[in-house]
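# Close look at the chain arrangement
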Amino acid sequence: MSKKVQVKICFGTHCYVMGGSHLEMLEESLPAELKDYVEVSGSPCFGHCEEKTAGTPPFVEVNGTIIEKANIELIINYIREVLADGIRE
Amino acid sequence: MIRRELITRLCKAYLDDKLEEIDRIPLIMAPRKSKQESRCCAHKTRAVLKYRMMALLGFNVADEVDELTPLSTYAGYALRKKNKGEGFLTVVDEACYACNKANYVVSNLCRGCVARPCKMNCPKDAIEFVNGQAKIDPEKCVNCGICKNECPYHAIIYVPIPCEEVCPVNAISKDEDGVEHIDNDKCINCGKCMIACPFGAIMAKSQIVNILQSINSNKKTVAMVAPSILGQFKGSFGQMVNAIKALGFDEVLEVASGAELTADHEAAELKEKLDEGNKFMTTSCCPAYVDAVAKHMPEIKDYVSDTPTPMQYTAKMAKEKDPNCETVFIGPCVAKQAEAQRDDAVDYVMTFEELGSFMLAKKVDILECSEEIDMAEFPATGRWFAESGGVTKSVLHRYEDTSFVKNMTINGLDKKQIKLLQRMPKLKVDTNFIEVMACEGGCISGPGIACNPKVAKKLLAANLKSK
């Protein structure tokens, strides 16, 4: 595994107020076995809240894939999926 | 989150001049035949949303006279500032239905034993046996807990009622129909019940419509932001100020400036009072605590500082500068509404949650706002007031020698702490300065916050350092 999974949390006000602030706990909540494979960063508004099709805030991007209504559990599950796919390849 | 969506939709309706269409909001949020995760059906959810909106329009849900009165009518009343009923917290009775009336419930671990110590020891004869298992009659049960302690199988469990559990002053209780009621003679508006209820059945009455009106009027509207804003939103303080201005406020004042004066005055007052021979002094900036003293702790009334609060100082400054302006305190607090009602200089009170939702409605993004503000100096020690321990730190900062102060911090007011405070005048301890915050963690954990308190603590620490 050379590249880390990139997690980008939207820090735009819309996402932040609608639950995005909780996502700042993600880094601390990562299980120990995932910590070395994940890079968490914040981002200004992605603009997804303006696209009708993207879903409901808060938004997070994991390796470029949008997760809507994001919560810590959803994100960790998705990171696991991404990592599992990486190993299979 | 549902409350935030409601506030956002309400603000949007006002901004688009479509308040008369507000009756549609519960229908949009809970479409017919949509599956409801925790309530029985869309119609129940709609009813709950309607009454929550009634509270956001500023009314006490219990004051409803005619069930057919639509939200648009209440919106009209709100615009004309009709009497909105007593109290600052209101119970949405439609949403309050799930808690057990008795705190003790027999689980299916009951073996229906022969000795039946639960039944034998119940002082109210509240236990019957149905299908070989014990059953508690909630009408007779007085929640003494004897049965739970007697059962050899640990089959009887304690089921808390979240709002009653957290209320520090026993102001909330069930009526004969099992719906909670708030006793306004006892309530100190701390808002703990609102945070605790997992059904969203308790709402703080909002003044948001009148605040939007004030912004829309020709009068100058001044936002007074509490120091805890530094732990609420992503972005620099400058960006937050500019975002608030983008909402239409004419001027933004930091309540931390008022807090500087509070700390100055309180430091002098503490010295003076101790010199006069007073045993101790407590802070006075937390309005829920001040109300708790007035309603429940008369024995320590004389020990509370007389210093005006940061909000009062800030509002005075605003009105001295422009007597015709309207002032809006923006903070994390419900009890500040009660304090504002006693202070002519404060016109409205708004929560951070409402501020954030207003930004969503107006599509203002803090991170996109300019950082630049016209501020040569900033009230560094006043900003400390945002968290528990900060007021003490700020007051002590004013002395060269702090050795005479033996301070204590009450971080979160609960039933136990109230008992302790009541006993303080008689206790043989050398504590002479007590900081009291009704919310655990201080203002950054208040009932009207927009951000997770743990994250808020970190954000605040970073922001206090950066400037």
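Side chains that differ in sign of charge can pair as their charged atoms come close. For the structure on display, the rule yields 22 salt bridges over all chains. Residue Lys-458 of chain B is joined to Glu-28 of chain A by a salt bridge in which the shortest nitrogen-to-oxygen separation is 2.2 Å. In this pair, Lys-458 of chain B is assigned in helix α19 (residues 453–466) and Glu-28 of chain A in helix α2 (residues 26–29), connecting two distinct chains. Classification of Lys-458 of chain B as partly exposed rests on a relative accessible area of 41%. According to the relative accessible area criterion, Glu-28 of chain A is partly exposed, its value standing at 48%. Ionic pairing is found between Glu-251 of chain B and Lys-220 of chain B, a salt bridge with its closest N-O pair at 3.0 Å. Of this pair, Glu-251 of chain B sits in strand β10 (residues 251–254) while Lys-220 of chain B is found in the loop between α9 (208–216) and β9 (221–225), placing the two residues 31 residues apart along the sequence. What you see here is one network of salt bridges that share partners, running through Arg-3, Arg-4 and Glu-353 of chain B.

All right, on to the sheet that holds strand β14 (residues 407–411) of chain B then. Residue and element names in this part refer to chain B. A sheet is described by the order of its strands in space; here 3 strands give the open sequence β11-β15-β14, paired in parallel fashion. At either end of the open sheet lies a strand with only one pairing partner, and these are β11 (281–282) and β14. Alignment of β11 against strand β15 (residues 433–437), held across 2 bridges, turns out to be parallel. Its bridge partner lying in β15, Thr-282 is registered against Ile-434.

On to the domain arrangement of chain B. Each assigned domain of chain B is listed here: domain 1 (2–94 + 166–206), domain 2 (104–160) and domain 3 (210–466). The C-alpha-based centres of domain 2 of chain B and domain 3 of chain B are spaced at 47 Å.

In this section: the sheet that holds strand β4 (residues 65–67) of chain A. Residue and element names in this part refer to chain A. On the basis of which strands lie adjacent, the open sheet formed by 4 strands has the order β2-β1-β3-β4 and mixed pairing. Strands with a single pairing partner mark the edges of an open sheet, and in this sheet they are β2 (38–43) and β4. Pairwise comparison of adjacent strand axes, ignoring direction, gives a mean angle of 25 degrees for this sheet. Summarising the sheet, strand β3 (residues 60–62) and β4 pair through 3 bridges and their orientation is antiparallel. When the bridges of β4 are listed, Val-60 appears paired with Ile-67.

Attention shifts here to the state of the cysteines. Residue and element names in this part refer to chain B. For the structure on display, the rule yields 0 disulfides over all chains. Looking at Cys-11, it has no disulfide partner, and the nearest cysteine sulfur is the one in Cys-369, 16 Å off. Here Cys-147 is not disulfide-linked; the sulfur of Cys-144 is the nearest cysteine sulfur, at 6.2 Å. The buried category is assigned to Cys-147, whose relative accessible area is 11%.

Turning our eyes to something else, we now look at the nonpolar core. With 147 residues, the main nonpolar core has Val-7 of chain A together with Phe-249 of chain B as its most contacted residues. Broken down by element, this core gets its largest block of residues, 7 residues, from helix α3 (residues 42–56) of chain B. When we break this core down by domain, the ones giving at least three residues each are domain 1 (2–94 + 166–206) and domain 3 (210–466) of chain B. Formed by 15 residues, the second largest nonpolar core is a distinct cluster that contains Tyr-104, Cys-141, Ala-155 and Ile-156 of chain B.

For any two helices packed against each other, the geometry comes down to the angle between their axes and how far apart the axes lie. All names here are of chain B. For the pair helix α1 (residues 2–15) and helix α15 (residues 352–362), the least separation of the axes is 8 Å and the interaxial angle reads 50 degrees. Relative to α15, the element α1 is oriented oblique. Of the two possible hands of crossing, α1 and α15 adopt the one that is right-handed. Contacts between α1 and α15 involve Arg-3, Arg-4, Ile-7, Thr-8, Cys-11, Lys-12 and Leu-15 from the first element and Glu-353, Glu-354, Ser-357, Phe-358, Leu-360, Ala-361 and Lys-362 from the second.

Moving on, we come to the packing of aromatic side chains. For the structure shown, the criterion picks out 9 aromatic pairs over all chains. Ring geometry for Phe-11 of chain A versus Tyr-16 of chain A: centroids 5.8 Å apart, planes at 85 degrees, classification edge-to-face. Residue Phe-11 of chain A shares its accessibility class with Tyr-16 of chain A, and that shared class is buried. Here a set of aromatic residues connected by ring pairs shows up, and it is made of Phe-59, Tyr-74 and Tyr-77 of chain B. Across the ring face of Phe-129 of chain B, the terminal group of Arg-116 of chain B is positioned such that the distance to the ring centre comes to 3.6 Å. In this structure, Lys-336 of chain B packs its charged tip against the face of Phe-329 of chain B, placed 5.9 Å from the ring centre.

Before going further, it helps to examine helix α11 (residues 255–275) of chain B. Since the α-helix packs 3.6 residues into each turn, any two residues three or four apart lie on the same face. For α11 of chain B, which comprises 21 residues, the first-to-last C-alpha distance of 30 Å matches the rise-based estimate of 30 Å (1.5 Å per residue) to within 8%. With its phi angle positive at about 100 degrees, Gly-277 of chain B sits one or two positions after the end of α11 of chain B.

Below, the discussion takes up the environment of Lys-393 of chain B. Assignment of secondary structure puts Lys-393 of chain B in helix α17 (residues 390–396). Residues Lys-393 of chain B and Ala-263 of chain B lie 130 residues apart in sequence; the distance between their C-alpha atoms is 9.4 Å.

What counts and what doesn't
Residues numbered from 1 in each chain as written. Chains lettered and ligands numbered in written order. Predicted model: local features only at pLDDT ≥ 70, side-chain atom pairs only at ≥ 80, totals over all residues. Heavy atoms only, no water. Salt bridge = Lys/Arg side-chain N within 4 Å of Asp/Glu carboxyl O. Helix = DSSP H or I, 4+ residues; strand = E, 2+ residues; numbered from the N terminus. Buried < 20%, exposed > 50% of the residue type's maximum accessible area, 1.4 Å probe, protein only. Pairing = 2+ DSSP bridges. Domains from an automatic or database assignment. Axes fitted to C-alpha atoms, helices over the stretch in contact; angles between N-to-C directions. Disulfide = S-S within 2.5 Å. Core = buried A, V, L, I, M, F, W, Y, C linked by side-chain atoms within 4.5 Å. Parallel < 35°, antiparallel > 145°, perpendicular 65-115°, else oblique. Left-handed = near helix turned anticlockwise from the far one by under 90°. Contact = heavy atoms within 4.5 Å. Phe/Tyr/Trp six-rings, centres within 6.5 Å; stacked < 30°, edge-to-face > 60°. Lys NZ or Arg CZ within 6 Å of the ring centre and 35° of its normal. Expected span 1.5 Å × (residues − 1).

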